[in-house]
Amino acid sequence: MIEWELYRSFSHVLREGSLSGAARVLGMAQPTVGRHIAALEDALGLVLFTRSPTGFLPTEAALALQAHAYAMESMAATLERTASGFGHGVRGTVRVSVSEVIGVEVMPAVIATLRERYPELKIELVVVNQVQNLLHREADIAVRVSRPTQEQLIARRTGIIEWGLHAGSGYLARCGEPASLADLASHTLIGYDCGTPFIREALRHWPQFQHANLALRTDNDLAQLALIRADAGIGICQVALARSEPRLVRILPGELSIALETWVTMHEDLRQNTGCRVTFDAIASAMSSFASQGIA
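Each value, and the rule that gives it
Residues numbered from 1 in each chain as written. Predicted model: local features only at pLDDT ≥ 70, side-chain atom pairs only at ≥ 80, totals over all residues. Heavy atoms only, no water. Pairing = 2+ DSSP bridges. Helix = DSSP H or I, 4+ residues; strand = E, 2+ residues; numbered from the N terminus. Buried < 20%, exposed > 50% of the residue type's maximum accessible area, 1.4 Å probe, protein only. Contact = heavy atoms within 4.5 Å. Disulfide = S-S within 2.5 Å. pLDDT = per-residue confidence, 0-100.

Peer 1: When you look at the pairing of strand β2 (residues 55–58) in this model, what are you seeing that I'm missing?
Peer 2: Regular strands have side chains that alternate between both faces of the sheet. One ladder, built from 4 bridges, connects strand β1 (residues 49–52) with β2; its direction is antiparallel. Opposite Phe49, over in β2, you have Pro58 as the bridge partner. As consecutive antiparallel partners, β1 and β2 are separated by 2 residues.

Peer 1: Is there a simple way to think about the environment of Cys276 in this case?
Peer 2: With respect to the element layout, Cys276 can be found in helix α11 (residues 274–292). Exposure remark for Cys276: the relative accessible area of 1% places this residue in the buried category. Linking Cys276 and Tyr192, residues 84 residues apart in sequence, is a C-alpha distance of 34 Å. The contacts of Cys276, once residues within four sequence positions are left out, are Val94, Asp140, Ile141, Met266 and Leu270.

Peer 1: When you look at the pairing of strand β11 (residues 257–267) in this model, what are you seeing that I'm missing?
Peer 2: Taken across its 11 residues, β11 has 8 buried, putting it largely inside the fold. Summarising the sheet, strand β5 (residues 141–144) and β11 pair through 4 bridges and their orientation is antiparallel. Residue pairing for β11: Arg144 is matched across the bridge by Trp263. Sheet analysis places strand β6 (residues 153–168) next to β11, joined by 11 bridges and oriented antiparallel. Residue pairing for β11: Arg157 is matched across the bridge by Trp263.

Peer 1: Honestly, the state of the cysteines in this entry has me stumped. Any pointers?
Peer 2: Covalent bonding between the sulfur atoms of two cysteines defines a disulfide. All chains considered together, the criterion is met by 0 disulfides. Note on Cys175: no disulfide assigned, nearest cysteine sulfur contributed by Cys237 at a separation of 17 Å. According to the relative accessible area criterion, Cys175 is partly exposed, its value standing at 39%. Residue Cys237 is classed as buried on the basis of its relative accessible area of 5%.

Peer 1: Whenever I open this one, the confidence of the model for the protein confuses me. Can you help?
Peer 2: Reading fine detail from the predicted coordinates is not recommended where pLDDT is low. Across the protein, the average pLDDT comes to 86, with 92% of residues at 70 or higher. Mean pLDDT across the secondary structure elements of the protein bottoms out at helix α8 (residues 197–203), with 68, and peaks at helix α7 (residues 169–175), with 96.

See below:
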């Protein structure tokens, strides 16, 4: 059996591109990481890296093993997180996956409150718009915009988040407020560059927001929100968020509205993990409160 720490060093050399970089991350001596790579190559009967002036370059064999090594690393981290949450008191590490806007606008207050109440609880916040796979334990808890269908997941509906057209009051004072969707043709529109299949399908119903009509494009939700706040143009953002900012004005609410259910989900195996349970409840409560702010 090949020892796990050899694969761990292999993963970090792949990621960092050098022995020295992997050693810094792992907190090991560089020669130790080098011995791990040599031992793994010997055990597998493969050459995994070629040495070059710019660092360690992975061979085809190494690249073929990369996904499996990263999966082993993720599973080992999940094992440690899961085990750390059992026992007395609320403790351990919980990995939470949320979208960009929720990660910045909702989660900081949740995490601060949890840490104040449970100082032994650690939170890993993954802020991405891509869906993390809970069955593969890429995260312990996730906030999603659709109900999960996997039986192994616990899911709690936390409300509906509505998205609509908004602009800053400064932009409207400068450029006027559109009276119809057709009027948007004479305005600066903010939207996605590529987006996701879901976003592209949703916006298909509003041809005004086709790619060619967008003067300002970014796939980062926070950047879009910042552009709206900066009076750069008209864009789509969450109604609940805009209601908390008097300078943001909703445009044509009867013409463009996207309503998405929100769910907080967790793997059922973590039900008895006290850290995951209290984090799940806190996020669900915060998301319910956030969603209710968008209700007129």
